[in-house]
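# Commentary on secondary and tertiary structure
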Amino acid sequence: ARVRTPDPDPPPVAVREPGRGGSRAGMRIGARAPMLRALAPAHGGTHILWGIFGTSYLLFATYDLNLDPAAIGIIAGVGGLGSLVGSLAAPILARRFGVGRSILLGMVGFTIGNALIPLAPAHAVLLGAAFLLGQQLIGDSGATVYEIVSTSLTQASVDERVMGRVNATVGTFTPLLSLAGPILGGA
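## A word on unusual backbone geometry
In this structure, Asn 66 is a non-glycine residue whose phi angle is positive, near 60°. Inspection of the secondary structure puts Asn 66 in the loop between α2 (34–64) and α3 (69–97). Relative accessible area serves as the criterion here: at 41%, Asn 66 is assigned to the partly exposed category. The phi dihedral of His 123 falls on the positive side, at around 65°, and the residue is not glycine. His 123 sits in the exposed class, given a relative accessible area of 55%.

Rendered as structure tokens:
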């Protein structure tokens, strides 16, 4: 609501580059930028591993921790609170520790949070739920810090005229890796 600058009109369809050309341009831009090259495998790795994790999470929560669907839903909903905390912390961390360290802190928080899941004791419903709640609060906070700061870094390091191409490349790359994760997790 506070943005006062109107977006420019897009170029006419007749002069726009075809979709594949724009995707290739986005990949070239990402390949040439050292920071984007470093972020790509980190971003891709988190999405593959998240897909693997998601494949087994519900089975673990249901069969090993004996949580019912309502409890799992409430626990997952707490992740929204963790994400809110991460969104509020991201700019503070970036100012205090810098962009690179904030991205690393976010990834470490995400990892520590996810490490709580296998520590949840089987068939101890309340204690298991507490570990999963901790994962949602810590892991989702860290993941949100990582996402916000890394996206801001991408936006700051790419010319706004090609931002859409870079975002489209990441937006294609990430879901493909997210699809590979459940396949690997199922295997």
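## Observations concerning the packing of α2 against helix α6 (residues 163–186)
Where α2 contacts α6, the two axes come as close as 7 Å, and the packing angle between them is 35°. α2 and α6 meet at a crossing whose hand is right-handed. Within the contact between the two elements, α2 uses Leu 36, Ala 40, His 43, Gly 44, His 47, Ile 48, Gly 51, Ile 52 and Thr 55 and α6 uses Val 166, Val 170, Phe 173, Thr 174, Leu 177, Ser 178, Gly 181, Pro 182, Leu 184, Gly 185 and Gly 186.

## Digging into a nonpolar patch on the surface
A cluster of nonpolar residues, Leu 81, Leu 84, Val 85, Leu 88, Leu 104, Val 108, Ile 112, Leu 137 and Ile 138, forms a patch on the protein surface that exposes about 790 Å² of accessible area. Among the secondary structure elements, those contributing two or more residues to the nonpolar patch are α3, α4 (99–119) and α5 (125–157). With four residues, α3 is the single largest residue contributor to the nonpolar patch. Tracing the sequence through the fold places Leu 137 in helix α5. A relative accessible area of 35% means that Leu 137 is categorised as partly exposed.

How each quantity is defined
Residues numbered from 1 in each chain as written. Predicted model: local features only at pLDDT ≥ 70, side-chain atom pairs only at ≥ 80, totals over all residues. Heavy atoms only, no water. Helix = DSSP H or I, 4+ residues; strand = E, 2+ residues; numbered from the N terminus. Buried < 20%, exposed > 50% of the residue type's maximum accessible area, 1.4 Å probe, protein only. Axes fitted to C-alpha atoms, helices over the stretch in contact; angles between N-to-C directions. Left-handed = near helix turned anticlockwise from the far one by under 90°. Contact = heavy atoms within 4.5 Å. Patch = residues over 30% accessible without salt bridge, like charges linked within 9 Å, V, L, I, M, F, W, Y side chains within 5 Å. Areas by Shrake-Rupley, 256 points an atom, 1.4 Å probe, with all protein chains shown as cover. Salt bridge = Lys/Arg side-chain N within 4 Å of Asp/Glu carboxyl O.

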